[in-house]
Protein chains: 4
Amino acid sequence: MSTAVDKRRVILDAAVRVFARQGFHTCRVADIADEAGVAYGLVYHYFASKEAILDTLFLERWDVMVAAIAEADASSRPPREKLHAIASFIVDSYRHDPDLMKVIIVEVTRAANTFGRTHLDKIMQAFDGIAAIVEHGQRDGIFRSEVDARFAAQAFYGLIEQVLTQWIFGNVPADAAGFEHAKSELVDIICGGLDA
Amino acid sequence: MSTAVDKRRVILDAAVRVFARQGFHTCRVADIADEAGVAYGLVYHYFASKEAILDTLFLERWDVMVAAIAEADASSRPPREKLHAIASFIVDSYRHDPDLMKVIIVEVTRAANTFGRTHLDKIMQAFDGIAAIVEHGQRDGIFRSEVDARFAAQAFYGLIEQVLTQWIFGNVPADAAGFEHAKSELVDIICGGLDA
Amino acid sequence: MSTAVDKRRVILDAAVRVFARQGFHTCRVADIADEAGVAYGLVYHYFASKEAILDTLFLERWDVMVAAIAEADASSRPPREKLHAIASFIVDSYRHDPDLMKVIIVEVTRAANTFGRTHLDKIMQAFDGIAAIVEHGQRDGIFRSEVDARFAAQAFYGLIEQVLTQWIFGNVPADAAGFEHAKSELVDIICGGLDA
Amino acid sequence: MSTAVDKRRVILDAAVRVFARQGFHTCRVADIADEAGVAYGLVYHYFASKEAILDTLFLERWDVMVAAIAEADASSRPPREKLHAIASFIVDSYRHDPDLMKVIIVEVTRAANTFGRTHLDKIMQAFDGIAAIVEHGQRDGIFRSEVDARFAAQAFYGLIEQVLTQWIFGNVPADAAGFEHAKSELVDIICGGLDA
DNA sequence: CATGAATGAGACTTCATTCAT
DNA sequence: TATGAATGAAGTCTCATTCAT
């Protein structure tokens, strides 16, 4: 029936909120079940473990992002606009669902000892996509050739992640103006540099 | 006696290795005691808790870094060289004791849900110091004024952290040449940008 | 319809295989449903509980055995042949359906803490039947009177069970020759003793 | 200090009582801790798992029994007396500590799906020892040569185990007279057979 | 200072059973 | 009959911390 609730989805969404609020290591599976309003055991009916929930959450979203990066590169726009498209995608992802992005960044992408290592290949796919954009920009003479493309990709991604981290930490107001400002500033710095 | 071993130090050093290898959440206090070659209870004689060990490790090192940033800014060198000095300090810190830097970054700086939040003020001190350098560069007309100094500081730090993360993940060879190359590349990108 | 499958029977047969393979305590009801190729819930449509399945399996077979023992005693054959008939029946039961016999012996007959205690009366019926044969043999002067009939019955049954246990454990090859040999050897030892 | 209680021993002894009373699968580790009067965690300080406790209990006792069998065979007594010595050892073991013997037989020796399989080699050592006695008796012309020695060993052991099982089940009074009677009867049947 | 036994709360996971469809 | 989602109690094992010596 179309009105039937997809309990699996309910659990996933609840997990996002709980992971974001308490952190993966600190929360209990019971918290997720409570937040979702389902019985404890149902969580294990749909997921093999607490980790599997986080994995699912990460993969669902990350694949979309990798696709967005590839799509940006596929267009015929200038490389600066491609990077802007990526920055926009990520910032808008945060704007749309800050909890989910928080979880992905804090618990997976930046967790080098646990999930980050597990999903290293996936994470690298994003870097590869960005590096490709840089390379194409260099090939077309828009970007300087002296810079190592992969290095630049790391720089760009690290920069974005740091900006999101400030929002996550609450150090910087995460409002509409801030979001739009960040998109431009991000690209302006990586492309234009600090030098006058 | 000068030859007496400082057990507190021994425990701290062992903790670095254990945290780096297994991660803070995954390791047990017993692992630290074993690695240090001391009795279980002695860890609690010197430290109030497992967390206190990580706190100590972080603060010991972070204070030195904040001082190094301040020192860099205090010199009369051009801002680009100041940033290079900071990049050098951090990269050399990693070169000298990769385990310690790994622990600080992975378990504290990037752990927005746990220690990162606890030590937010300390972490911000580093950002403030870098922002000051950018501001001074802008004041002197060396850096562009359109860029937000704090934003630029985040960018620079995020960039460095991402580079270190690659070494930590083992994605990029962490050898002498790589270290020196990174220092220059880092500063080149943040100052010169990607644009041709 | 005669071609309709009796799902209850399918479940029972599947349970035999699962219990034999994994053991009653180690297997899950889901394993039985999977093995039977039926829906989870159907198991509970036909049986009140996991235990009820084992009970059913045991009683179905044990009653047949008790009847076989009574029948053996009812004949006018010499007691040694009666015992041989019993040994034959049990050994052939194993030959015909080793999984079922394994389950009955391992999970019921030898499980003094759980099902063995539950079905004690049934189990005793078999002993009583064997004891009756011994008593009749003694009454007819074929068997020595000094021996306690019930004690002898235990001995005979324990002996058979031990032989089956060896096959179950896989210590001894369970082939046609072994089966026939066991039948004779069993009776030879209990009747003839070891003495030269 | 000699008056210090060996908590490990206390736990082991408590486990015997709990396993005997409730059965291995049915009891909880908490029950053992309670029975021992120690904290829950201490059980895991001394033993890796609930299974490890049972393993320890079994091995401690079984090794003594295997040694007793070997010792019996080493003497120059007639084989019938050797078997009597073994029967006496086992029966006296039960008389001395019925709970321990119950646990060993019910939870290990007769548990073909779980611990019995794990300790198969150990269990076989006992059979081997008994088989050796039978062989020596045959070599000396005291026992009939037609009988397979290993088969006879199984028979003898199965017989003893069945007698103990009756005591465990409570079907037969386990008193001093019963113990002594059983020792003789056991040997009388296996050696003399039922035939008049 | 040093040791390591002792404590016990806590969390994950399992799975028999129920129930709505 | 048949399905499989939903429930929740129960139990094992972990491990930070305390404490007696």
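Up top you'll find the structure we're talking about.
Presented here is an overview of the structure given in this document. What you see is a predicted model, and the numbers here were worked out from it, not measured in a lab.

### Re the overall build of chain A
Turning to step 1, where the next piece is worked out: The number of helices and strands found in chain A is 10 helices and zero strands.
Turning to step 2, where the next piece is worked out: For chain A, the α and β elements follow one another from N to C terminus as α-α-α-α-α-α-α-α-α-α.
Turning to step 3, where the next piece is worked out: Overall, chain A is about 60 × 40 × 30 Å in size when its C-alpha atoms are taken along their principal axes.
Turning to step 4, where the next piece is worked out: Within chain A, buried positions represent 56% of all 196 residues.
Turning to step 5, where the next piece is worked out: Pairs at least 24 apart in sequence give 69% of the contacts found in chain A among residues at least 6 apart.
Turning to step 6, where the next piece is worked out: Looking at chain A as shown, the accessible area adds up to about 8,100 Å², and 53% of this sits on carbon and sulfur atoms.
Turning to step 7, where the next piece is worked out: Charge-centre separation for chain A: the mean point of 20 positive side chains lies 3 Å from the mean point of 28 negative side chains.

### As for the interface of chain B and chain A
For interface size, the figure often reported is the accessible area lost on association.
Turning to step 1, where the next piece is worked out: Across the contact, 53 residues belong to chain B and 53 residues belong to chain A.
Turning to step 2, where the next piece is worked out: For the pair chain B and chain A, the two sides together bury roughly 4,700 Å², of which 57% comes from carbon and sulfur.
Turning to step 3, where the next piece is worked out: We note a salt bridge from E161 of chain A to R110 of chain B, for which the minimum N-O separation is 2.6 Å.
Turning to step 4, where the next piece is worked out: Along the contact surface separating chain B from chain A lie 20 residue pairs in polar contact (both at pLDDT 80 or more).
Turning to step 5, where the next piece is worked out: Sorting elements by how many residues they give to the side of chain B that touches chain A places helix α9 (residues 149-169) of chain B first, with 13 residues.
Turning to step 6, where the next piece is worked out: Class assignment of the residues belonging to the side of chain B that touches chain A gives a composition of 27 nonpolar, 14 polar and 12 charged.

### A short note on the relation of the copies chain C and chain D
Turning to step 1, where the next piece is worked out: For these two chains of identical sequence, chain C goes onto chain D by a turn of 180° and a shift of 0.0 Å along the axis, with RMSD 0.1 Å. Both copies are brought into coincidence by an operation consistent with a two-fold rotation axis. Rotation axis and chain C: the residue whose C-alpha lies nearest the axis is G193 of chain C, separated from it by 1.8 Å.
Turning to step 2, where the next piece is worked out: When the interface residues of chain C are mapped onto chain D, 100% of them are again interface residues, pointing to one common binding face.

Criteria and thresholds
- Residues numbered from 1 in each chain as written.
- Chains lettered and ligands numbered in written order.
- Predicted model: local features only at pLDDT ≥ 70, side-chain atom pairs only at ≥ 80, totals over all residues.
- Heavy atoms only, no water.
- Helix = DSSP H or I, 4+ residues; strand = E, 2+ residues; numbered from the N terminus.
- Buried < 20%, exposed > 50% of the residue type's maximum accessible area, 1.4 Å probe, protein only.
- Contact = heavy atoms within 4.5 Å.
- Areas by Shrake-Rupley, 256 points an atom, 1.4 Å probe, with all protein chains shown as cover.
- Lys, Arg positive; Asp, Glu negative; His and termini not counted.
- Charge placed at Lys NZ, Arg CZ, Asp CG, Glu CD.
- Buried area = accessible area lost by both parts, 1.4 Å probe.
- Salt bridge = Lys/Arg side-chain N within 4 Å of Asp/Glu carboxyl O.
- Polar contact = N/O pair within 3.5 Å; in protein donor to acceptor, adjacent residues only side chain to side chain.
- Nonpolar A, V, L, I, M, F, W, Y, C, P; charged D, E, K, R; others polar.
- Least-squares fit on C-alpha atoms with pLDDT ≥ 70 in both.

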